[in-house]
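A look at the structure
One-letter residues, chain by chain:
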Amino acid sequence: MSGHRAGLPDALPEDAEATRELPSGIGEVKARFVDHAGHEQRMEWPDAARGVCLEECGPVRRFPVRHGKRMAPGWWWSATEGRLVHYASGVMRTQVMLLDHDPSVVAIACRPVELTWREGDGVVVRHAPHLMARLVDGRGLLADCAGHGEISARLASRAAVMEAAAAAVGWQYRVLRPPEPVVAANLRWLAGYRHPRYRGGELAGRAAEVFRRPRPLIEGVRELGDPIQVFPVVFHALWHGDLAAPLDVPLHERVTVTAGRPGRGQG
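Not measured: the values here are computed from a predicted model.

**Quick notes on the overall build of the chain**
Summing up its helical and strand segments, the chain has seven helices and 13 strands in all. Counting across all 267 residues of the chain, residues that qualify as buried make up 46%. Residue pairs at least 24 apart in sequence account for 63% of intrachain contacts in the chain once pairs closer than 6 positions are excluded. Of the roughly 13,800 Å² of accessible surface on the chain, a fraction of 52% belongs to carbon and sulfur atoms.

Below is the structure:
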């Protein structure tokens, strides 16, 4: 795994010290996860959140293959960590891609923990968020994926508990909506060049100089040399943030590219 991963925080930041109360009638929240040895573990949620690297745990639930569905479970190679991340569906794969592209994320896992609580009527609820991410400040993010932008009443009620449980330990919880189609298409294209094999070495350094001032993509590429050799290096730099271009418009040869911040791809 890459060396930039953040560990568990020694203490929560001051703005995260205040806890959020669970909705009325909700009992204590407990966590279930599978440890490094493959053994199932159960403990209080605050203890698990603060003492366990959940991003290193395997899925707490299996990802079934549903016959007749176009999308089956699979693996995403994470440029953030340099390892494979399991996903259960196409919707989840898209969100894993977005997290992999996010510079504030240093680790990603699918369903590494299940939270359990008892509601006021005595019903026990078990919920395993689709995704978990470790953020660069050491805090965690739990997330569920909304397949078509809308969430069911069932998820909405669970989301309120999840948000409070996450806030109680200084974490975040989100329901992730699908990205805009153009953004998703652009990132899927750039993701094809996320691997270090496209880093480019000395050519990448020259690209940063050529695009120091904003200019059309094709102009800078031609100045750098053979487009067949240059384009993969430029796309790699765009994925990792060493170069920047607007992602809310279709990528094309005249799109404006400029040098960005030093990205994870060179770290």
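**Topic: the sheet that holds strand E13 (residues 256-259)**
In space, the three strands of this open sheet follow the order E11-E13-E12, with antiparallel pairing throughout. Looking at the sheet topology across the chains shown, the edges are occupied by strand E11 (215-216) and strand E12 (243-244). Relative to E13, E12 is paired through two bridges, and the arrangement is antiparallel. If you follow Ala244 over to E13, its bridge partner there is Thr258.

**Structural notes on the sheet that holds strand E8 (residues 131-135)**
What the four strands build is an open sheet, ordered E5-E8-E9-E10; its pairing is mixed. The open sheet has two free edges, formed respectively by strand E5 (105-110) and strand E10 (172-176), since each of these has just one partner strand. Taking each pair of neighbouring strands and ignoring which way they run, the sheet shows an average axis angle of 25°. Strands in contact with helix H2 (residues 90-101) are E5, E8, strand E9 (140-145) and E10; relative to E5, the strand with the most contacts, it is inclined by about 165°.

**Regarding the nonpolar core**
Among the nonpolar cores identified, the biggest contains 43 residues, and Leu131 and Val234 are the most heavily contacted of them. Ranked by the residues each element gives to this core, the list is headed by helix H7 (residues 227-240), at seven residues. In this structure, Val29, Val113, Leu155 and Trp171 belong to the second largest nonpolar core, which totals 26 residues.

**Points about H2**
Relative to the 16 Å expected for 12 residues at 1.5 Å per residue, H2 spans 17 Å between its end C-alpha atoms, a close match to the ideal helical length. Among all positions in H2, only Met92, Thr94, Gln95, Val96, Met97, Leu99, Asp100 and His101 are buried.

**So, the packing of aromatic side chains**
Two aromatic rings, taken as a pair, are described by how far apart their centres are and by the angle between their planes. For the structure shown, the criterion picks out six aromatic pairs. On the numbers, 6.0 Å between centres and 55° between planes, the contact of Trp189 with Tyr193 is tilted. A ring pair is formed by Phe231 and Phe235, whose centres lie 5.5 Å apart and whose planes are at 20°; its orientation type is stacked. Of the two residues, Phe231 and Phe235 are both situated in helix H7; the distance of four residues between them amounts to about one turn of the helix. Ring pairs connect the aromatic residues Trp189, Tyr193, Tyr198, Phe231 and Phe235, which therefore count as one cluster. Over the ring of Trp76 we find Arg194, and its NZ or CZ is 3.9 Å from the ring centre.

**Some thoughts on the side chain of Gln95**
Positionally, Gln95 belongs in helix H2. Gln95 gets classed as buried once you look at its relative accessible area, which sits at 4%. Look past the residues within four positions of Gln95 in its chain and what remains in contact with it is Leu131, Cys145, Leu176, Arg177, Pro178 and Pro179.

**Digging into the layout of surface pockets**
Taken as a whole, the second largest pocket encloses approximately 250 Å³ of empty space. In terms of lining, the second largest pocket is formed by 16 residues, of which the most central are His127, His130, Asp144, Arg154 and Leu155. Residue assignment for the lining of the second largest pocket shows that the elements contributing at least two residues are strand E7 (124-127), E9 and helix H3 (153-168). With three residues, H3 is the single largest residue contributor to the lining of the second largest pocket. Of the residues that constitute the lining of the second largest pocket, the class distribution is five nonpolar, four polar and seven charged.

**Examining the environment of Arg215**
For Arg215, the location among the structural elements is in strand E11. Among the residues examined, Arg215 registers a relative accessible area of 10% and is labelled buried. In the structure, Arg215 is positioned 39 residues away from Arg254 in sequence and 8.3 Å away in space, judged by C-alpha atoms.

**Let's talk about the confidence of the model for the chain**
Put simply, the chain has an average pLDDT of 87, and 85% of its residues get 70 or more. Overall, residues 1-19 carries pLDDT values under 50, and its contacts beyond four positions in sequence, including any with other chains, amount to 38 contacts. In the predicted structure, residues 263-267 sits below a pLDDT of 50 and forms 18 contacts with residues beyond four places in sequence or in another chain.

**Observations regarding unusual backbone geometry**
For Arg111, which is not glycine, the phi torsion reads 50° and is therefore positive. For Arg111, the location among the structural elements is in the loop between E5 and strand E6 (114-118).

Rules and cut-offs
Residues numbered from 1 in each chain as written. Predicted model: local features only at pLDDT ≥ 70, side-chain atom pairs only at ≥ 80, totals over all residues. Heavy atoms only, no water. Helix = DSSP H or I, 4+ residues; strand = E, 2+ residues; numbered from the N terminus. Buried < 20%, exposed > 50% of the residue type's maximum accessible area, 1.4 Å probe, protein only. Contact = heavy atoms within 4.5 Å. Areas by Shrake-Rupley, 256 points an atom, 1.4 Å probe, with all protein chains shown as cover. Pairing = 2+ DSSP bridges. Axes fitted to C-alpha atoms, helices over the stretch in contact; angles between N-to-C directions. Core = buried A, V, L, I, M, F, W, Y, C linked by side-chain atoms within 4.5 Å. Expected span 1.5 Å × (residues − 1). Phe/Tyr/Trp six-rings, centres within 6.5 Å; stacked < 30°, edge-to-face > 60°. Lys NZ or Arg CZ within 6 Å of the ring centre and 35° of its normal. 1 Å grid on protein atoms, 1.4 Å probe; cavity = no way out; pocket = protein on both sides within 12 Å on 5 of 7 lines; lining within 4 Å. Points joined across faces, edges and corners; volume = space filled by probe spheres on them. Nonpolar A, V, L, I, M, F, W, Y, C, P; charged D, E, K, R; others polar. pLDDT = per-residue confidence, 0-100.

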